[in-house]
Amino acid sequence: MAWTRPRRRKPVTYLLGEPVEEYPATAPEVDRGRVLRITEIGEPVLHNPARTVEEFSTPELARLIDDLFATMESAQGVGLAAPQVGVDLRVFVYDLTDASGDRHVGHVVNPVLTMDLEAEPETEEEGCLSVPGAYEPLERPGAATVRGVDQHGAPVQLSGTGYLARCFIHESQHLDGTLYWDHLSAELQADALEQRDEERPHIVAERREIAIELEKTPPEYPEKPAGGR
């Protein structure tokens, strides 16, 4: 009996939601950006709503996005919001590979989040670069959409399911002053902080090492974090 194997689908890279033929392994913004210190739970900038971006196509906004990408790369993250580098503006970046092997890269300015509450919720281990080393199970809607603009003010609409949706929800909520930690029970919050206290020194050291490998100046972290709320 003759048969042929099904072709494996080639993974696709989506830049701001649009498929692109080629894209470098490391986002170009990483080369241009600085590696900044990632703010940690307990710092006020993380727990207050960020300001709406009013001016577009500015060197300052472009540099912020570059810095977010470089900082995210050094921390081995898949998403990072501006308050996590101490800037209270409604901007986040992302670079992740989903369960299908497709890569999603981009940034969103002034995002408005819509969670699909009819989608099957998913419970997965979730962490945050601002609570280094801590992972806890958290239920999230299985689908979400963000609408906003890019750094030049052009409309952006991104939809995702699963891991991508979780990223969009996590980063958008950062801009409202909400961390994943805020959704946890008191028991899980305490456990997350214990994990953080144990893992933080190793993670901070690794971030510094990666920054040096990227030929960036590594940021200085305080010996102890600000703590939880």
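Since the structure is predicted, the reported quantities are computational estimates derived from the model, not experimental observations.

What follows covers the overall build of the chain. Across its full length, the chain holds 4 helices and 9 strands. Ordered by position in the sequence, the α and β elements of the chain form the string β-β-α-α-β-β-β-β-β-β-β-α-α. What you see for the chain is a C-alpha radius of gyration of 18 Å, in line with the 17 Å of a compact globule of 229 residues. The proportion of buried residues among the 229 residues of the chain is 50%. Considering only contacts in the chain between residues 6 or more positions apart, those separated by 24 or more positions represent 68%.

A few words on the nonpolar core. Formed by 24 residues in total, the largest nonpolar core has its most connected members in L64, L68, F69, L80, V91 and V93. At the level of secondary structure, the elements contributing two or more residues to this core comprise helix 2 (59-74), strand 4 (91-97) and strand 5 (103-115). A total of 6 residues in this core trace back to one element, the largest contributor, which is helix 2. Beyond its immediate stretch of four places on either side in the chain, F69 contacts A27, E29, V30, V93, Y94, D95, V105 and G106.

Attention now goes to the environment of R166. Assignment of secondary structure puts R166 in helix 3 (residues 162-174). Judged by its relative accessible area of 7%, R166 falls in the buried class. Linking R166 and T217, residues 51 residues apart in sequence, is a C-alpha distance of 31 Å. Those residues in contact with R166, other than ones at most four positions away along the chain, are E122, T123, E124, E126, L138 and R140. At a separation of 2.8 Å, a polar atom in the side chain of R166 contacts the main-chain carbonyl oxygen of E122. One polar contact links the side chain of R166 to the main-chain carbonyl oxygen of L138, over a distance of 3.0 Å.

Here we come to the pattern of salt bridges. Close approach of charged atoms lets side chains of opposite charge pair. Taken as a whole, this structure holds 11 salt bridges when the rule is applied. For R51, the salt bridge goes to D88, with nearest N and O atoms at 3.1 Å. Here R51 is found in the loop between helix 1 (28-32) and helix 2, whereas its partner D88 is found in the loop between strand 3 (79-81) and strand 4, with 37 residues between them in sequence. D88 gets classed as partly exposed once you look at its relative accessible area, which sits at 30%. Note that E220 and R208 form a salt bridge whose closest N and O atoms lie 3.5 Å from each other. Residue E220 is located in the segment after helix 4 (186-213), and its partner R208 is located in helix 4; the two are separated by 12 residues in the primary sequence. Residue E220 is classed as exposed on the basis of its relative accessible area of 61%.

Looking now at the state of the cysteines. In the structure shown here, the tally under the stated rule is 0 disulfides. C128 takes part in no disulfide bond, and the closest cysteine sulfur, belonging to C167, lies 11 Å away. Residue C128 is classed as buried on the basis of its relative accessible area of 8%. What makes C167 buried here is its relative accessible area of 5%.

Before going further, it helps to spend a moment on a negative patch on the surface. A cluster of acidic side chains, namely E120, E122, E124, E125 and E139, defines a negative patch on the protein surface. With 3 residues, strand 6 (residues 122-127) is the single largest residue contributor to the negative patch. Examined against the element boundaries, E122 turns out to sit in strand 6.

Let us look at the side chain of S74. Turning to its location among the elements, S74 is positioned in helix 2. In terms of polar contacts, S74 uses its side chain to reach the backbone carbonyl oxygen of T71, at 2.8 Å. Other than its neighbours up to four places away in sequence, S74 contacts V35, R207, I210, A211 and L214.

This part covers the packing of aromatic side chains. For the coordinates displayed, the defined rule picks out 3 aromatic pairs. Note on F92 and Y94: the rings are 6.3 Å apart at their centroids and 55 degrees apart in plane angle, and the pair reads as tilted. With centroids separated by 6.4 Å and ring planes inclined at 45 degrees, the aromatic side chains of F92 and F168 adopt a geometry described as tilted. On the criterion of sequence distance, the pair formed by F92 in strand 4 and F168 in helix 3 is long-range, its members being 76 residues apart. F168 matches F92 in its accessibility class, with the two residues each being buried. Cluster of aromatic residues (ring-pair linked, three or more members): F92, Y94 and F168.

The rules behind the values
Residues numbered from 1 in each chain as written. Predicted model: local features only at pLDDT ≥ 70, side-chain atom pairs only at ≥ 80, totals over all residues. Heavy atoms only, no water. Helix = DSSP H or I, 4+ residues; strand = E, 2+ residues; numbered from the N terminus. Rg over C-alpha atoms; globule rule 2.2 N^0.38 Å. Buried < 20%, exposed > 50% of the residue type's maximum accessible area, 1.4 Å probe, protein only. Contact = heavy atoms within 4.5 Å. Core = buried A, V, L, I, M, F, W, Y, C linked by side-chain atoms within 4.5 Å. Polar contact = N/O pair within 3.5 Å; in protein donor to acceptor, adjacent residues only side chain to side chain. Salt bridge = Lys/Arg side-chain N within 4 Å of Asp/Glu carboxyl O. Disulfide = S-S within 2.5 Å. Patch = residues over 30% accessible without salt bridge, like charges linked within 9 Å, V, L, I, M, F, W, Y side chains within 5 Å. Areas by Shrake-Rupley, 256 points an atom, 1.4 Å probe, with all protein chains shown as cover. Lys, Arg positive; Asp, Glu negative; His and termini not counted. Charge placed at Lys NZ, Arg CZ, Asp CG, Glu CD. Phe/Tyr/Trp six-rings, centres within 6.5 Å; stacked < 30°, edge-to-face > 60°.

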